[in-house]
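# Commentary on secondary and tertiary structure
The chain contents come next:
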Amino acid sequence: MASCCETEAAAVTTEAYLAGAAVREARELVAELCRHFYAPGWVTGTGGSITVKVNDPAVPLADRLIVMSPSGVQKERMVAADMYVFSADGKVLSEPAAKPWPNKPPKCTDCAPLFMKAYQMRGAGAVIHSHGIETCIASMLDPGAKEFRMTHMEMLKAIKGHGYRDELVIPIIENTPYEYELTDSLSEAIAAYPKATAVLVRNHGIFVWGDSWISAKTQAESYHYLLDAAIKLYQLGIDWTTPEHGPVNRAKRSRSILNPGIPNECHAAEPLKCVVLDIEGTTTPISFVTDVMFPYARDNVRKHLTSTFYSEETKEDIKLLRVQIEDDLRNGIPGAVPVPPDEAGKEEVINSLVANVESMIEADWKVTSLKQLQGHIWRTGFEREEIHGVIFEDVPEALKNWNSRNIKVYIYSSGSREAQRLLFGNTEHGDLRPFLCGYFDTTIGNKKETRSYFEIAQTLRVDSPSQILFITDVFQEAIAAKNAGFEVVISIRPGNAPVPENHGFRTIKSLSEVCER
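These numbers were taken from a predicted model, which means no experiment stands behind them.

### Some details on the layout of surface pockets
Taken as a whole, the second largest pocket spans an internal volume of roughly 640 Å³. Lining the second largest pocket are 26 residues, and of these Lys146, Glu188, Phe475, Gln476 and Pro500 lie nearest its centre. Secondary structure elements with two or more residues in the lining of the second largest pocket: strand E7 (167-173), helix H6 (183-192) and helix H16 (475-483). Broken down by element, the lining of the second largest pocket gets its largest block of residues, six residues, from H6.

Structure representation (structure tokens):
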């Protein structure tokens, strides 16, 4: 006997359903949106494409049929009958009939596999692909940039998860001769930027998604506004990436801090004053964090919360977790479950917190609330000598070398500052904290956002950001630091994730390779 889900799935593929009101309305909606987006130049010359999920409340969003505009059709003349209809897993269920010459035979858009990634990876209800000229030009303002960034603009409020003071980060991927060839790079960008609701394709256009066609349309209009504003600000010499919107420092934006053509030499006009080190993959094997630290926190979270539940420190930890979990629930993050009020009892609250924390750890969720709690759990582990910090053999000597040259060394990690101090205070080489001048964590900002590095530079009070050397194993962090004017080196250690080809940064396998200046 077929299950209820199987019965529903079968129902949405019948001829009667395909000819029904829900699918018909979705077809008409896509045609209307294509005509609407033709006017501002988003889908001219048959370019661009739009797709929506069929609005049928009786069917879960993930299982709903998909209506998609075709390829090579004059978008302003499209009608409902021109649309393709797909199943939720991407199978064509209905295609348009051929029209007489000079119309081309019907063809499914090359964007179909890219649209499916947004549906599958982001739970989208609609996706808009625009060829608007502002999307192309904005991606060309900085030819080497892997991200477009903007902050302190009113229209940022229309982008999901953003406010006026937030930094908008849109990943940029490189164009290919055929759109379907973008599938892998688009998937990587979606995975690497969980907060993003758009991806720019250099010299090509933009993909925007939302949980409904209204959300996608609203955000697409806002993205085009913001990209157009950036172009105009660039022409006026105004920097759109900083809160002050001061003059663009063109020398800083165009200068290569490290000469990628000479990978083992330093190239800098400013004397080095500070070194900022990442931890995972730079000073410490990733395996130590994933195989020791994370499992220890996961295995001891219940014990820690139970034994410290009424302490002021844990009350603050729980308060931060509640805020994060509420935000995750609003955004439909998998694994997030509601936390009952304190009146429900200690055990019920702890059960829900443990479920959320385990899910966050499994997803490597880099949020302050989780990192702060983990730091407190690890503190107990270090105090009981159940954990000992592991660092690479070259790290102590490098720290001593920099200290002997009066170069200040700092740590910037997604782990809490307390966790950082615990790690370097309890290593196999002894207490290394005397060689460190300070610690930064996500309270200063996300490590993949340029604004965080501006804040660090302000805190360190250097004459120029180029007097700071940042060493990391994460390409997106390297880009963000470089855009802030830092000197950047990428750490290549065993177990680290590969970096893109032709990334343009100097790489090292040991801190001893960092040349003296």
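### Things to note about the pairing of strand E5 (residues 126-130)
Within E5, five of the five residues are buried, leaving the element largely enclosed by the surrounding structure. Here strand E1 (residues 49-53) runs beside E5; their pairing, made up of four bridges, is antiparallel. The partner of Ser49 across the bridge, within E5, is His129. Two elements, E5 and strand E9 (residues 205-210), share five bridges in a ladder whose sense is antiparallel. The partner of His129 across the bridge, within E9, is Phe207.

### Looking at the pattern of salt bridges
With the rule as written, the count across this model stands at 22 salt bridges. For the salt bridge of Lys157 with Glu154, the shortest nitrogen-to-oxygen distance reads 2.9 Å. Salt bridges linked by common partners bring Lys146, Glu174 and Arg202 together as one network.

### Here we look at the environment of Arg27
Within the fold, Arg27 resides in helix H3 (residues 21-38). Residue class for Arg27 comes out buried when judged on its relative accessible area of 12%. Linking Arg27 and Trp240, residues 213 residues apart in sequence, is a C-alpha distance of 39 Å. Aside from chain neighbours lying at most four places away, what touches Arg27 is Val67, Ala80, Ala81, Met83, Val85 and Ser94.

### Considerations on the sheet that holds strand E13 (residues 468-472)
Within the open sheet, the six strands sit side by side as E12-E11-E10-E13-E14-E15. Their pairing is parallel. Every interior strand has two partners, whereas the edge strands, strand E12 (438-440) and strand E15 (506-508), have only one. Across the sheet, the axes of successive neighbouring strands diverge by a mean angle of 25 degrees, strand direction being ignored. Here E13 runs beside strand E14 (residues 487-491); their pairing, made up of four bridges, is parallel. Looking at the pairing, Ile471 lines up with Val489 of E14. Along the sheet, helix H14 (residues 417-425) makes contact with strand E11 (408-412) and E12, crossing E12 at roughly 135 degrees.

Each value, and the rule that gives it
For every chain, the first residue of the written sequence is number 1, and numbering continues from 1 along that sequence. In keeping with the model being predicted, local features are shown solely for residues with a pLDDT of at least 70 and side-chain atom pairs are shown and tallied solely at 80 or more, while totals for entire chains, interfaces and linings include all residues. Excluded from the side-chain calculation are hydrogens and water; included are all heavy atoms of the structure. In this analysis the probe radius is 1.4 Å and the grid spacing 1 Å, with only protein atoms considered; a cavity is a set of points the probe fits into but cannot get out of, a pocket is an open set with protein on both sides within 12 Å along at least five of seven lines, and lining residues have an atom within 4 Å of a point. Grid points are joined across faces, edges and corners, and a volume is the space filled by probe spheres set on the points. Segments assigned H or I by DSSP are reported as helices when at least four residues long, segments assigned E as strands when at least two residues long, and all are numbered from the N terminus. In this scheme, a residue with accessible area under 20% of its type's maximum is buried, one over 50% is exposed, and one in between is partly exposed, where area comes from a 1.4 Å probe on protein chains only. Two strands are counted as paired when DSSP detects at least two bridges linking them. The rule for a salt bridge is simple: a side-chain nitrogen of Lys or Arg has to be within 4 Å of a carboxyl oxygen of Asp or Glu. Here, residues are in contact when the closest pair of their heavy atoms is within 4.5 Å. Simply put, an axis is a line fit to the C-alpha atoms, just over the touching stretch for a helix, and the angle between two N-to-C directions goes from 0 to 180 degrees.

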